Amino acid sequence: MKNATLRQLRIFEAVATTLSYSRAAEQLHLTQPAVSMQISQLQEDAGQPLFVKTGKRLVLSAPGEALLRHTRRILDQVRIADEAMAASRSGEGGLLHLGVVPTAHYFAPALLMAFKARHPGIRFKLTVERREKILAMLQEHQLDVAIGGYPPSEADVEAETFARNPHCIVAPPNHPLAAKRKLTWADLRTEDFIFREPGSATRQFLEHLLQSQSLQVNVSMELSGNETVKQAVMVGMGISFLSAHVFQVELAAGMLAVLDLQDMPKMLDWCLLHRRDAVPSDLGAAFRDFVLADGAGFAACRI
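Residue positions within a chain follow its written sequence, with the count starting from 1. In view of the model being predicted, local features appear only for residues whose pLDDT reaches at least 70, and side-chain atom pairs are presented and counted only at 80 or more, with totals across whole chains, interfaces and linings using the full set of residues. To obtain the side-chain values, all non-hydrogen atoms of the structure were included, while hydrogens and water were left out.

Moving on, we come to the packing of aromatic side chains. Aromatic contacts are taken between Phe, Tyr and Trp rings whose centres are within 6.5 Å, Trp giving its six-membered ring; a plane angle under 30 degrees counts as stacked, one over 60 as edge-to-face, and the others as tilted. Counted according to the given criterion, the structure contains eight aromatic pairs. Ring geometry for phenylalanine 205 against phenylalanine 241: centres 5.5 Å apart, planes inclined by 70°, an arrangement best described as edge-to-face. Of this pair, phenylalanine 205 sits in helix α7 (residues 201-212) while phenylalanine 241 is found in strand β9 (residues 239-243), placing the two residues 36 residues apart along the sequence. A single burial state applies to phenylalanine 205 and to phenylalanine 241, both of which are buried. Three or more aromatic residues link up through ring pairs in this structure, and these residues are Phe115, Phe287, Phe290 and Phe298. Helix numbers and strand numbers start at the N terminus; a helix is a DSSP run of H or I with at least 4 residues, a strand a run of E with at least 2. Only protein chains enter the accessibility calculation, which uses a 1.4 Å probe. A residue is then buried if its area is under 20% of the maximum for its type, exposed if over 50%, and partly exposed in between.

Here you go:
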(Lines give C-alpha, C1' and ligand atoms only; values in the text may rest on other atoms or scores of the structure.)
Protein backbone atom coordinates (compact mmCIF):
# COMPACT_ATOMS: atom_id res chain seq x y z
CA MET A 1 0.00 0.00 0.00
CA LYS A 2 3.02 2.33 -0.14
CA ASN A 3 1.71 3.94 -3.34
CA ALA A 4 -1.73 4.76 -1.89
CA THR A 5 -2.52 8.47 -1.76
CA LEU A 6 -4.54 10.38 0.81
CA ARG A 7 -7.07 11.12 -1.93
CA GLN A 8 -7.51 7.40 -2.58
CA LEU A 9 -7.86 6.69 1.15
CA ARG A 10 -10.51 9.41 1.53
CA ILE A 11 -12.43 7.97 -1.40
CA PHE A 12 -12.08 4.45 -0.01
CA GLU A 13 -13.33 5.58 3.42
CA ALA A 14 -16.36 7.26 1.84
CA VAL A 15 -17.25 4.16 -0.21
CA ALA A 16 -16.67 1.86 2.78
CA THR A 17 -18.89 4.03 4.99
CA THR A 18 -21.76 4.44 2.51
CA LEU A 19 -21.28 1.07 0.75
CA SER A 20 -22.21 2.89 -2.43
CA TYR A 21 -20.07 4.32 -5.23
CA SER A 22 -22.77 6.81 -6.19
CA ARG A 23 -23.37 8.09 -2.64
CA ALA A 24 -19.63 8.37 -2.03
CA ALA A 25 -19.23 10.30 -5.29
CA GLU A 26 -22.04 12.67 -4.28
CA GLN A 27 -20.54 13.13 -0.81
CA LEU A 28 -17.09 13.92 -2.24
CA HIS A 29 -18.40 16.03 -5.16
CA LEU A 30 -16.83 13.65 -7.68
CA THR A 31 -18.18 11.66 -10.59
CA GLN A 32 -18.96 8.00 -10.05
CA PRO A 33 -16.42 6.89 -12.73
CA ALA A 34 -13.72 8.87 -10.90
CA VAL A 35 -14.55 7.09 -7.65
CA SER A 36 -14.60 3.68 -9.36
CA MET A 37 -11.24 4.34 -11.01
CA GLN A 38 -9.58 5.29 -7.70
CA ILE A 39 -10.97 2.22 -5.92
CA SER A 40 -9.81 -0.02 -8.78
CA GLN A 41 -6.30 1.44 -8.50
CA LEU A 42 -6.32 0.96 -4.73
CA GLN A 43 -7.42 -2.66 -5.08
CA GLU A 44 -4.73 -3.26 -7.69
CA ASP A 45 -2.09 -1.87 -5.31
CA ALA A 46 -3.51 -3.99 -2.46
CA GLY A 47 -3.39 -7.10 -4.64
CA GLN A 48 -6.80 -8.27 -3.42
CA PRO A 49 -10.42 -7.14 -3.54
CA LEU A 50 -11.48 -4.59 -0.95
CA PHE A 51 -15.20 -4.91 -1.75
CA VAL A 52 -17.38 -7.82 -2.84
CA LYS A 53 -20.90 -7.92 -4.26
CA THR A 54 -23.57 -10.02 -2.53
CA GLY A 55 -26.52 -9.80 -4.86
CA LYS A 56 -26.95 -6.08 -5.47
CA ARG A 57 -25.29 -5.12 -2.19
CA LEU A 58 -21.72 -3.88 -1.90
CA VAL A 59 -19.91 -5.11 1.22
CA LEU A 60 -16.36 -4.89 2.54
CA SER A 61 -14.12 -7.90 2.16
CA ALA A 62 -12.00 -9.01 5.12
CA PRO A 63 -8.94 -7.14 3.72
CA GLY A 64 -11.21 -4.13 3.13
CA GLU A 65 -12.31 -4.11 6.77
CA ALA A 66 -8.67 -4.23 7.90
CA LEU A 67 -7.74 -1.40 5.54
CA LEU A 68 -10.70 0.69 6.73
CA ARG A 69 -9.50 0.52 10.34
CA HIS A 70 -6.04 1.74 9.35
CA THR A 71 -7.44 4.32 6.93
CA ARG A 72 -9.54 5.94 9.62
CA ARG A 73 -6.51 6.13 11.91
CA ILE A 74 -4.45 7.73 9.15
CA LEU A 75 -7.15 10.26 8.21
CA ASP A 76 -7.75 11.08 11.87
CA GLN A 77 -4.08 11.92 12.34
CA VAL A 78 -4.11 14.00 9.15
CA ARG A 79 -7.15 15.89 10.47
CA ILE A 80 -5.36 16.57 13.76
CA ALA A 81 -2.31 17.82 11.87
CA ASP A 82 -4.49 20.04 9.64
CA GLU A 83 -6.22 21.55 12.66
CA ALA A 84 -2.90 22.15 14.42
CA MET A 85 -1.56 23.97 11.35
CA ALA A 86 -4.78 25.98 10.97
CA ALA A 87 -4.70 26.91 14.65
CA SER A 88 -1.06 27.96 14.34
CA ARG A 89 -1.84 30.19 11.36
CA SER A 90 -4.95 31.80 12.85
CA GLY A 91 -4.02 31.85 16.52
CA GLU A 92 -7.19 29.90 17.30
CA GLY A 93 -7.40 26.66 19.18
CA GLY A 94 -8.94 24.15 16.77
CA LEU A 95 -11.98 21.88 16.97
CA LEU A 96 -12.85 19.40 19.74
CA HIS A 97 -15.54 16.80 18.99
CA LEU A 98 -16.96 15.37 22.23
CA GLY A 99 -19.42 12.49 22.34
CA VAL A 100 -21.57 11.86 25.43
CA VAL A 101 -24.21 9.38 26.49
CA PRO A 102 -27.68 10.94 27.06
CA THR A 103 -27.39 11.28 30.84
CA ALA A 104 -24.12 13.21 30.54
CA HIS A 105 -25.68 15.89 28.35
CA TYR A 106 -27.14 17.48 31.51
CA PHE A 107 -23.66 18.72 32.50
CA ALA A 108 -21.54 18.42 29.32
CA PRO A 109 -22.41 21.89 27.91
CA ALA A 110 -21.32 23.61 31.14
CA LEU A 111 -18.12 21.56 31.10
CA LEU A 112 -17.38 22.60 27.52
CA MET A 113 -18.09 26.26 28.18
CA ALA A 114 -15.76 26.28 31.19
CA PHE A 115 -13.04 24.70 29.07
CA LYS A 116 -13.67 27.26 26.33
CA ALA A 117 -13.24 30.06 28.88
CA ARG A 118 -9.67 28.82 29.39
CA HIS A 119 -9.10 28.30 25.64
CA PRO A 120 -11.11 31.10 23.99
CA GLY A 121 -10.11 30.22 20.44
CA ILE A 122 -11.48 26.67 20.40
CA ARG A 123 -14.56 25.43 18.60
CA PHE A 124 -16.42 22.37 19.75
CA LYS A 125 -19.00 19.90 18.57
CA LEU A 126 -21.15 17.87 20.97
CA THR A 127 -22.77 14.59 19.91
CA VAL A 128 -25.30 12.89 22.21
CA GLU A 129 -25.98 9.22 21.46
CA ARG A 130 -26.56 5.92 23.25
CA ARG A 131 -23.49 4.17 24.62
CA GLU A 132 -23.14 1.66 21.79
CA LYS A 133 -23.20 4.42 19.18
CA ILE A 134 -20.73 6.61 21.11
CA LEU A 135 -18.27 3.72 21.47
CA ALA A 136 -18.59 2.87 17.78
CA MET A 137 -18.00 6.50 16.76
CA LEU A 138 -15.00 6.71 19.07
CA GLN A 139 -13.45 3.52 17.71
CA GLU A 140 -14.10 4.66 14.13
CA HIS A 141 -12.24 7.95 14.78
CA GLN A 142 -15.40 10.04 14.44
CA LEU A 143 -14.95 11.54 17.92
CA ASP A 144 -11.94 12.97 19.72
CA VAL A 145 -13.04 11.91 23.22
CA ALA A 146 -16.24 10.80 24.91
CA ILE A 147 -17.92 10.80 28.31
CA GLY A 148 -19.82 7.76 29.55
CA GLY A 149 -19.75 4.92 32.01
CA TYR A 150 -17.19 2.12 32.00
CA PRO A 151 -17.10 0.54 28.52
CA PRO A 152 -17.43 -3.22 27.95
CA SER A 153 -14.15 -5.09 28.32
CA GLU A 154 -14.08 -5.93 24.62
CA ALA A 155 -14.16 -2.28 23.56
CA ASP A 156 -10.76 -0.99 22.42
CA VAL A 157 -11.17 2.09 24.62
CA GLU A 158 -9.36 3.52 27.64
CA ALA A 159 -11.52 4.81 30.51
CA GLU A 160 -10.40 7.32 33.14
CA THR A 161 -12.76 8.01 36.04
CA PHE A 162 -13.39 11.65 36.94
CA ALA A 163 -16.74 11.79 38.83
CA ARG A 164 -19.53 9.78 40.44
CA ASN A 165 -22.96 9.20 38.91
CA PRO A 166 -25.55 8.67 41.68
CA HIS A 167 -28.75 6.73 40.92
CA CYS A 168 -31.96 6.85 42.96
CA ILE A 169 -35.50 5.53 43.10
CA VAL A 170 -37.84 8.41 42.28
CA ALA A 171 -41.59 8.91 42.68
CA PRO A 172 -44.15 11.72 42.36
CA PRO A 173 -44.16 14.01 45.45
CA ASN A 174 -47.60 12.81 46.56
CA HIS A 175 -46.66 9.12 46.47
CA PRO A 176 -47.35 7.34 49.81
CA LEU A 177 -43.73 6.20 50.10
CA ALA A 178 -42.35 9.71 49.52
CA ALA A 179 -43.04 10.71 53.14
CA LYS A 180 -41.58 7.54 54.68
CA ARG A 181 -38.03 7.08 55.93
CA LYS A 182 -35.59 4.15 55.90
CA LEU A 183 -37.48 2.18 53.29
CA THR A 184 -36.20 -1.27 52.33
CA TRP A 185 -36.25 -2.91 48.94
CA ALA A 186 -39.04 -5.15 50.21
CA ASP A 187 -41.23 -2.04 50.58
CA LEU A 188 -41.09 -1.67 46.80
CA ARG A 189 -42.29 -5.18 46.03
CA THR A 190 -45.87 -4.17 45.09
CA GLU A 191 -45.05 -0.86 43.42
CA ASP A 192 -45.53 -0.24 39.71
CA PHE A 193 -42.07 0.24 38.17
CA ILE A 194 -41.31 2.12 34.98
CA PHE A 195 -38.29 0.51 33.31
CA ARG A 196 -36.00 2.00 30.69
CA GLU A 197 -35.88 0.24 27.33
CA PRO A 198 -33.91 -3.03 26.92
CA GLY A 199 -30.20 -2.37 26.41
CA SER A 200 -30.20 0.78 28.54
CA ALA A 201 -27.28 0.94 30.97
CA THR A 202 -29.64 2.36 33.64
CA ARG A 203 -31.98 -0.59 33.21
CA GLN A 204 -29.11 -3.07 33.39
CA PHE A 205 -27.95 -1.43 36.62
CA LEU A 206 -31.44 -1.66 38.16
CA GLU A 207 -31.87 -5.29 37.10
CA HIS A 208 -28.51 -6.09 38.73
CA LEU A 209 -29.63 -4.41 41.98
CA LEU A 210 -32.98 -6.23 42.00
CA GLN A 211 -31.22 -9.54 41.39
CA SER A 212 -28.83 -8.87 44.27
CA GLN A 213 -31.88 -8.28 46.50
CA SER A 214 -33.64 -11.39 45.16
CA LEU A 215 -36.56 -9.10 44.44
CA GLN A 216 -39.11 -9.27 41.64
CA VAL A 217 -41.08 -6.11 40.98
CA ASN A 218 -44.11 -5.25 38.89
CA VAL A 219 -42.90 -3.73 35.63
CA SER A 220 -45.89 -1.65 34.61
CA MET A 221 -44.28 -0.27 31.44
CA GLU A 222 -41.08 0.19 29.47
CA LEU A 223 -40.27 3.64 28.11
CA SER A 224 -37.42 4.87 25.97
CA GLY A 225 -35.19 7.65 27.28
CA ASN A 226 -34.67 9.47 30.57
CA GLU A 227 -37.00 12.36 29.76
CA THR A 228 -39.94 10.10 28.92
CA VAL A 229 -39.47 8.05 32.09
CA LYS A 230 -39.17 11.21 34.21
CA GLN A 231 -42.38 12.68 32.81
CA ALA A 232 -44.24 9.41 33.42
CA VAL A 233 -43.08 9.34 37.05
CA MET A 234 -44.16 12.94 37.65
CA VAL A 235 -47.73 12.27 36.47
CA GLY A 236 -48.04 9.23 38.74
CA MET A 237 -47.67 6.33 36.31
CA GLY A 238 -45.19 4.57 38.59
CA ILE A 239 -41.80 4.82 40.28
CA SER A 240 -38.46 4.42 38.54
CA PHE A 241 -34.69 4.31 38.85
CA LEU A 242 -32.81 7.26 37.36
CA SER A 243 -29.49 9.01 37.48
CA ALA A 244 -29.68 12.06 39.74
CA HIS A 245 -28.41 14.18 36.83
CA VAL A 246 -31.73 13.65 35.07
CA PHE A 247 -34.04 15.24 37.65
CA GLN A 248 -32.15 18.14 39.27
CA VAL A 249 -34.57 20.82 38.05
CA GLU A 250 -37.67 18.80 38.95
CA LEU A 251 -36.31 17.94 42.41
CA ALA A 252 -35.60 21.60 43.19
CA ALA A 253 -39.09 22.56 41.98
CA GLY A 254 -40.80 19.93 44.14
CA MET A 255 -42.14 18.11 41.09
CA LEU A 256 -40.44 14.81 41.94
CA ALA A 257 -39.29 13.03 45.12
CA VAL A 258 -36.35 10.76 45.88
CA LEU A 259 -37.39 7.79 48.01
CA ASP A 260 -35.42 7.35 51.24
CA LEU A 261 -34.27 3.83 50.49
CA GLN A 262 -31.55 2.16 52.54
CA ASP A 263 -28.12 1.88 50.87
CA MET A 264 -29.05 4.50 48.30
CA PRO A 265 -28.03 6.25 46.17
CA LYS A 266 -26.15 3.65 44.18
CA MET A 267 -23.10 4.92 42.35
CA LEU A 268 -21.64 4.45 38.91
CA ASP A 269 -18.57 6.27 37.59
CA TRP A 270 -18.32 8.92 34.93
CA CYS A 271 -15.34 8.22 32.70
CA LEU A 272 -13.44 10.08 30.04
CA LEU A 273 -13.12 7.68 27.12
CA HIS A 274 -10.54 7.69 24.36
CA ARG A 275 -9.12 5.23 21.85
CA ARG A 276 -6.17 3.14 23.00
CA ASP A 277 -4.35 3.62 19.71
CA ALA A 278 -4.94 7.37 19.44
CA VAL A 279 -2.27 10.03 19.70
CA PRO A 280 -4.21 12.96 21.20
CA SER A 281 -3.94 16.42 19.75
CA ASP A 282 -2.69 19.23 21.97
CA LEU A 283 -6.32 20.31 22.37
CA GLY A 284 -7.45 16.78 23.23
CA ALA A 285 -4.68 16.44 25.83
CA ALA A 286 -5.63 19.81 27.37
CA PHE A 287 -9.29 18.76 27.57
CA ARG A 288 -8.34 15.47 29.22
CA ASP A 289 -6.30 17.28 31.86
CA PHE A 290 -9.16 19.73 32.45
CA VAL A 291 -11.80 17.01 32.86
CA LEU A 292 -9.68 14.89 35.19
CA ALA A 293 -8.86 17.92 37.34
CA ASP A 294 -12.18 19.82 37.36
CA GLY A 295 -14.82 17.58 35.82
CA ALA A 296 -16.18 16.30 39.13
CA GLY A 297 -17.39 19.78 40.04
CA PHE A 298 -19.51 20.04 36.90
CA ALA A 299 -20.88 16.53 37.35
CA ALA A 300 -21.91 17.13 40.99
CA CYS A 301 -25.64 16.93 41.66
CA ARG A 302 -28.08 17.28 44.53
CA ILE A 303 -29.89 14.25 45.95
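With that out of the way, let us pick up empty space enclosed by the protein. Of the two site types, the cavity is a set of points on a 1 Å grid over the protein atoms alone where a 1.4 Å probe fits but cannot get out, and the pocket is an open set with protein on both sides within 12 Å along at least five of seven lines, each lined by residues with an atom within 4 Å of a point. Grid points are joined across faces, edges and corners, and a volume is the space filled by probe spheres set on the points. In the structure shown here, the tally under the stated rule is two cavities of 30 Å³ or more. Its volume calculated, the largest cavity comes out at about 40 Å³. For this classification, Asp, Glu, Lys and Arg are treated as charged, while Ala, Val, Leu, Ile, Met, Phe, Trp, Tyr, Cys and Pro are nonpolar and the rest, including Gly, are polar. Here the lining of the largest cavity is built from residues that sort into four nonpolar, two polar and two charged. There is about 40 Å³ of room inside the second largest cavity.

Turning our attention to the layout of surface pockets. Computed from the structure, the largest pocket encloses a volume of approximately 560 Å³. Surrounding the largest pocket, 28 residues form its lining, Val101, Arg131, Ala201, Thr202 and Leu268 being those nearest its centre. Looking at the lining of the largest pocket, the elements that each hand over two or more residues are α6 (131-139), β6 (157-171), α7, α8 (226-234) and β11 (266-275). Examining the composition of the lining of the largest pocket, we find that four residues originate from one element, α7, more than from any other. A breakdown of the residues in the lining of the largest pocket according to their chemical character gives eight nonpolar, 13 polar and seven charged. Estimates place the volume of the second largest pocket at around 400 Å³. As for the second largest pocket, its lining consists of 16 residues, and the residues nearest its centre are Glu13, Leu75, Arg79, His141 and Gln142.

With that settled, consider the pattern of salt bridges. A carboxyl oxygen of Asp or Glu within 4 Å of a side-chain nitrogen of Lys or Arg is what we treat as a salt bridge. Across all of its chains, the model carries 14 salt bridges by this definition. Residue arginine 275 pairs with aspartate 76 through a salt bridge whose shortest N-O separation is 2.8 Å. Of this pair, arginine 275 sits in strand β11 while aspartate 76 sits in helix α4 (residues 62-90); the two residues are 199 residues apart in sequence, bridging distant segments of the chain. By relative accessible area, aspartate 76 is classed as buried at 3%. For glutamate 197, the salt bridge is made with arginine 196, and the minimal N-O distance between the two is 2.9 Å. Arginine 196 sits in the buried class, given a relative accessible area of 10%.

What follows covers the packing of helix α1 (residues 6-18) against helix α3 (residues 32-46). At a minimum axis separation of 9 Å, α1 and α3 run at an interaxial angle of 105°. Judged by the angle between their axes, α1 and α3 are roughly perpendicular. Residue-level contacts link Arg7, Gln8, Ile11, Phe12 and Val15 of α1 to Val35, Gln38, Ile39, Gln41, Leu42 and Asp45 of α3. Axes, fitted as lines to C-alpha atoms, cover a helix only where it is in contact. Angles between the N-to-C directions of the axes lie from 0 to 180 degrees. Reported orientations rely on four angle classes, namely roughly parallel under 35 degrees, roughly antiparallel over 145, roughly perpendicular from 65 to 115, and oblique for the rest. Here a residue-residue contact requires only that any non-hydrogen atoms of the pair lie within 4.5 Å.

Burial runs high along strand β7 (residues 192-196): four of the five residues are buried. For two strands to count as paired, DSSP must find a minimum of two bridges between them. Inspection of the sheet shows β7 paired to strand β8 (residues 218-223) by five bridges, in the parallel sense. Bridging across to β8, phenylalanine 195 finds its partner in glutamate 222. In the classification by handedness, the crossover that spans β7, the intervening α7 and the parallel β8 is right-handed. Here two bridges tie β7 to β9, and the two strands are oriented parallel to one another. Of the residues in β9, the one forming a bridge with isoleucine 194 is serine 240. With strands facing away from the observer, any crossover in which the path from the first strand over the helix to the second runs clockwise is taken as right-handed.

Purely geometric numbers; function is a separate question.
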